[in-house]
Amino acid sequence: MSKVIATDQVASHNSNNDAWLIIDGKVYDVTKFADDHPGGKKILLRVAGTDCSEQFHKFHSPSVLNKQAAPLKIGVIGDPNASKDDHESAVAESSSADEDDLDETYFGDLVPYGDPYWYQDWASPYYKDSHRKVRAAVRKFTDEHLTPNAAAWDEAHAIPEEDYKRVASSGILASIAAAGQGWHHELAKGIPVPGDIDPNEWDAFHNFVVIDELCRCGSGGILYGLIGGFGIGLPPVLHFGSEELQKRVVPPCLKGEKRICLAITEPAAGSDVANLTTTAKLSEDGKHYIVNGEKKWITNGVYSTYFVTAVRTGGKGMNGLSLLVIERGPGVTTRQMNCQGVWASGTTYISFEDVKVPVENLLGKENKGFQLIMSNFNPERIGIAIQANRFARVCLEESIKYASKRKTFGVLLRDHPVIRNKLAHMARRVEATHSWIESVIFQSTAYDADSLTMRGGGMIALLKVQATDTFDFCAREASQILGGLSYSRGGQGEKIERLYREVRAYTIPGGSSEIMLDLGMRQSIKIAEVMGAKF
């Protein structure tokens, strides 16, 4: 049990060789840490023996107390002469101060626009108790396992294997695979459902909540590293693979034992999917495809066992493409690329040299792969929109928190009209985009995938642009509000610095904004004509 320490006792520990501090009612011995303090030893010695909570929060993120400062905690403030019951009460109060009641009506920190409206008990037709349980479970997991490690994993350019398996064992990967189609009971056997809800209740909004909450870690590299390749590579196997292929590939991927990615983009072909050049030719005995070619900017490629790969099995154009599941083996080489952002995602250059792939690994029908690729783009773009908009919200939340403690010219930043103007523009964009995302997700529950691909493709393309533009705008505005802190890696501005670098990883993949804008209007007009619009 933590020691109960009197304030005057802390005051006596104020020297170079014996320095204690009080922060938020907790006592920390910083004697040995002082030499390693990033701001210098003298800053700590100036406040040694005092309650420096206000000074601490001016220059540090609260997460520092839960991570770096945790080993330095030696007790809590109280009356050492009080009864044992009072001691236990003081310790219990201190230990639970930062814990949320999972069933509270008002969820989160209540920062304006820091969470969606329904978190503060505003009415919504989309969510019920099961969504609240999933929300609480994923938030707890993110706060405990992802956010504290985001900076370290980003700098290491990788997510440790044991941590990836921890994500899988929590049921998060299985929930991403379930998407809006429902829980995969047989393929996900033995894997828990986040929030311990009835798997039969799983719907598209549970999936939305999972992705949205994961993004609170403020790292596109973590999201891409965990569910980037997985989220777009596994669905083609689930939707178009044979039963044998599904049983062989899906369970180990859901358990985190093996990994999968989608390999479409090539050095000379990105958005121009119909002109891909990687070839797959039948062997003389007709039992294998022989694959040759290169793929570039493939998320999770260096970690993957399986590569869901677009190959040319026929003539030129879209009618000559097929999708193959290629397993890592002879002739498959991967190397990690150095990119501007999403460092932990494992962005990869892949070479295929005379790779033998069993014909049973074909997804769908030969030369019909273009349609499969297109059907996979809509869920991918919705996923990108969800991530981008929560990252924009993280930028807004971090900006409001910082502006609520940082003073310039004698007043809080948030009391300057120009700062409130920035925050207001960020908020209106985030909330409008979130509502559009909810509307599109609801449509996905009302129509089958083919109908949504045909009628909703243009709308989803524009939604991706809206969300990534919002992310772009909010990352820039947050950088201006946090100033120099957002230009330095680590510290209070850690999330903003990282997210600012990662914006292009959202505006370009899944279809660049320029392509999406054109596609959005072109397809919408085409569908309107088919439906008899009167122009």
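In this text the structure is predicted, and so the values were computed from the model without any measurement. (Residues numbered from 1 in each chain as written. Predicted model: local features only at pLDDT ≥ 70, side-chain atom pairs only at ≥ 80, totals over all residues. Heavy atoms only, no water.)

## Structural notes on the packing of aromatic side chains
Scanning the entire structure with this criterion turns up 15 aromatic pairs. Look at Tyr 127 and Phe 205: their rings are 5.6 Å apart centre to centre, the planes differ by 80°, and that puts the pair in the edge-to-face class. On the criterion of sequence distance, the pair formed by Tyr 127 in the loop between helix H5 (84-95) and helix H6 (129-146) and Phe 205 in helix H10 (residues 204-214) is long-range, its members being 78 residues apart. Neither residue differs from the other here; Tyr 127 and Phe 205 are each classed as buried. These aromatic residues form a ring-pair network of at least three members: Phe 107, Trp 118, Tyr 119, Tyr 126, Tyr 127, Phe 205 and Phe 442. The residue whose ring lies beneath Arg 429 is Phe 473, and the NZ or CZ to ring-centre distance is 3.8 Å. (Phe/Tyr/Trp six-rings, centres within 6.5 Å; stacked < 30°, edge-to-face > 60°. Helix = DSSP H or I, 4+ residues; strand = E, 2+ residues; numbered from the N terminus. Buried < 20%, exposed > 50% of the residue type's maximum accessible area, 1.4 Å probe, protein only. Lys NZ or Arg CZ within 6 Å of the ring centre and 35° of its normal.)

## Regarding the packing of helix H13 (residues 369-403) against helix H16 (residues 494-502)
It is at 10 Å that the axes of H13 and H16 come closest, and there the two elements cross at 145°. Note on packing geometry: the crossing formed by H13 with H16 is left-handed. Contact residues: H13 offers Phe 391, Val 394, Cys 395 and Glu 398, while H16 offers Lys 495, Ile 496 and Leu 499. Here the contact of H13 with H16 is composed, by residue class, of 5 nonpolar, no polar and 2 charged. (Axes fitted to C-alpha atoms, helices over the stretch in contact; angles between N-to-C directions. Left-handed = near helix turned anticlockwise from the far one by under 90°. Contact = heavy atoms within 4.5 Å. Nonpolar A, V, L, I, M, F, W, Y, C, P; charged D, E, K, R; others polar.)

## Concerning the pattern of salt bridges
Tallying each qualifying case throughout the model produces 28 salt bridges. Between Arg 132 and Asp 129 there is a salt bridge whose closest N-O contact spans 3.3 Å. Taken together, the positions of Arg 132 and Asp 129, both in helix H6 and 3 residues apart, correspond to about one turn of that helix. With a relative accessible area of 30%, Arg 132 lands in the partly exposed category. With relative accessibility at 55%, the residue Asp 129 sits in the exposed group. Members of the salt-bridge network, linked through shared partners, are Asp 115, Arg 139, Asp 212, Glu 213 and Arg 390. (Salt bridge = Lys/Arg side-chain N within 4 Å of Asp/Glu carboxyl O.)

## Considerations on the packing of H13 against helix H15 (residues 449-482)
Two packed helices can be described by the angle between their axes and the distance between those axes. Contact geometry of H13 with H15 gives a least axis separation of 8 Å together with a crossing angle of 25°. Here H13 lies roughly parallel to H15, going by the angle between them. Between H13 and H15 lies a crossing of left-handed hand. Of the residues contributing to the contact of H13 with H15, the split by class is 18 nonpolar, 8 polar and 3 charged. (Parallel < 35°, antiparallel > 145°, perpendicular 65-115°, else oblique.)

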